[in-house]
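# Fold and contact review
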Amino acid sequence: SASSALLTPVSFRVGRNSNYSHTSGNAVGFNKTSGDFFHNIGGHYNSSNGRFTVPFPGRYIFHCCIIWQDIPNNEDMTDSWRFGINGNQKSYSERRSNYVVGSTGGGGYFTDFGSDIFDLAQGDYVTVIGKRTRTIHGNEHYCRFSGAQLV
């Protein structure tokens, strides 16, 4: 119920702490869910399938940052990931760029990030859907996904 949602905090901040070979079109898995700066209050984020399942209807805010690695110079990395609700694309990441050594990244690393707010129903699930078949860098301080209920 709405009153339960106001009494029960819903929040998660998870990270990726090992390199991850991602296949385009799939949910990105974030495997670090506890420890310094990481949490999964209520256990609504599932690290095995990359889904945050909405426990209460309401308005939620999400943020994600991903570092892709081993990117060749001048590769188009525009919209490298997107937020999905129930498996359907809802918004793109915020960086529209090619990887250019010394300009948009260095050492083969390209960072893409984004935030959004969605009105969601109980049982909806939110994922980060990667658009590239590439390796995601395993550093939870950079590669992270977070969300919280606003109202």
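Here's a quick rundown of the structure. (Residues numbered from 1 in each chain as written. Predicted model: local features only at pLDDT ≥ 70, side-chain atom pairs only at ≥ 80, totals over all residues. Heavy atoms only, no water.)

### Examining the overall build of the protein chain
The number of helices and strands found in the protein chain is one helix and 12 strands. Ordered by position in the sequence, the α and β elements of the protein chain form the string α-β-β-β-β-β-β-β-β-β-β-β-β. Relative to the 2.2 N^0.38 estimate, which gives 15 Å for 151 residues, the radius of gyration of the protein chain is 15 Å and therefore close to what a compact globule would have. A principal-axis box enclosing the C-alpha atoms of the protein chain has dimensions of 50 × 30 × 25 Å. Contacts in the protein chain between residues at least 24 apart in sequence constitute 73% of all its contacts with a sequence separation of at least 6. Averaging the locations of the 13 positively and 11 negatively charged side chains of the protein chain gives two centres separated by 2 Å. (Helix = DSSP H or I, 4+ residues; strand = E, 2+ residues; numbered from the N terminus. Rg over C-alpha atoms; globule rule 2.2 N^0.38 Å. Contact = heavy atoms within 4.5 Å. Lys, Arg positive; Asp, Glu negative; His and termini not counted. Charge placed at Lys NZ, Arg CZ, Asp CG, Glu CD.)

### A word on the sheet that holds strand β7 (residues 81–85)
One open sheet accounts for five strands, arranged β4-β5-β10-β7-β8; its pairing is antiparallel. In the strand order of this sheet, the two ends are held by β4 (45–46) and β8 (88–92), each with one partner. (Pairing = 2+ DSSP bridges.)

### A closer look at the pattern of salt bridges
Inspection of every chain in the model, using the stated rule, returns three salt bridges. With its nearest N and O atoms 2.7 Å apart, the salt bridge here joins Asp119 to Arg59. Here Arg59 lies in strand β6 (residues 58–69) and Asp119 lies in strand β9 (residues 110–120), a separation of 60 residues in the sequence. The exposure class assigned to Arg59 is partly exposed, which follows from its relative accessible area of 36%. The partner of Glu75 in a salt bridge is Arg134, and the shortest N-O contact between them spans 2.6 Å. Remark: Arg134 occurs in strand β11 (residues 134–136) and Glu75 occurs in the loop between β6 and β7; sequence separation between them is 59 residues. A relative accessible area of 26% means that Arg134 is categorised as partly exposed. (Salt bridge = Lys/Arg side-chain N within 4 Å of Asp/Glu carboxyl O. Buried < 20%, exposed > 50% of the residue type's maximum accessible area, 1.4 Å probe, protein only.)

### Thoughts on the environment of Val14
The topology assignment puts Val14 in strand β1 (residues 11–15). A relative accessible area of 0% places Val14 in the buried class. Distance in space between the C-alpha atoms of Val14 and His39 is 6.6 Å, their sequence separation being 25 residues. Dropping the residues within four chain positions of it, Val14 is found in contact with Phe30, Lys32, Thr33, Phe38, His39, Tyr45, Cys143, Arg144 and Phe145.

### Looking at the packing of aromatic side chains
Counted by the stated rule, this structure contains 15 aromatic pairs. Consider the rings of Phe30 and Phe145, whose centres lie 5.7 Å apart with planes at 40°: the pair is tilted. Note that Phe30 is positioned in the loop between β2 (20–22) and β3 (39–41) and Phe145 in strand β12 (residues 144–149), a separation of 115 residues in sequence. According to the relative accessible area criterion, Phe145 is buried, its value standing at 0%. Note on Trp81 and Phe83: the rings are 4.9 Å apart at their centroids and 85° apart in plane angle, and the pair reads as edge-to-face. The exposure class of Phe83 is buried, given its relative accessible area of 1%. Following the ring pairs from residue to residue traces out a cluster consisting of Phe12, Phe30, Tyr45, Phe52, Tyr60, Phe62, Trp81, Phe83, Phe118 and Phe145. One Lys or Arg, Arg13, reaches over the ring of Phe38 and ends 5.0 Å from the middle of that ring. (Phe/Tyr/Trp six-rings, centres within 6.5 Å; stacked < 30°, edge-to-face > 60°. Lys NZ or Arg CZ within 6 Å of the ring centre and 35° of its normal.)

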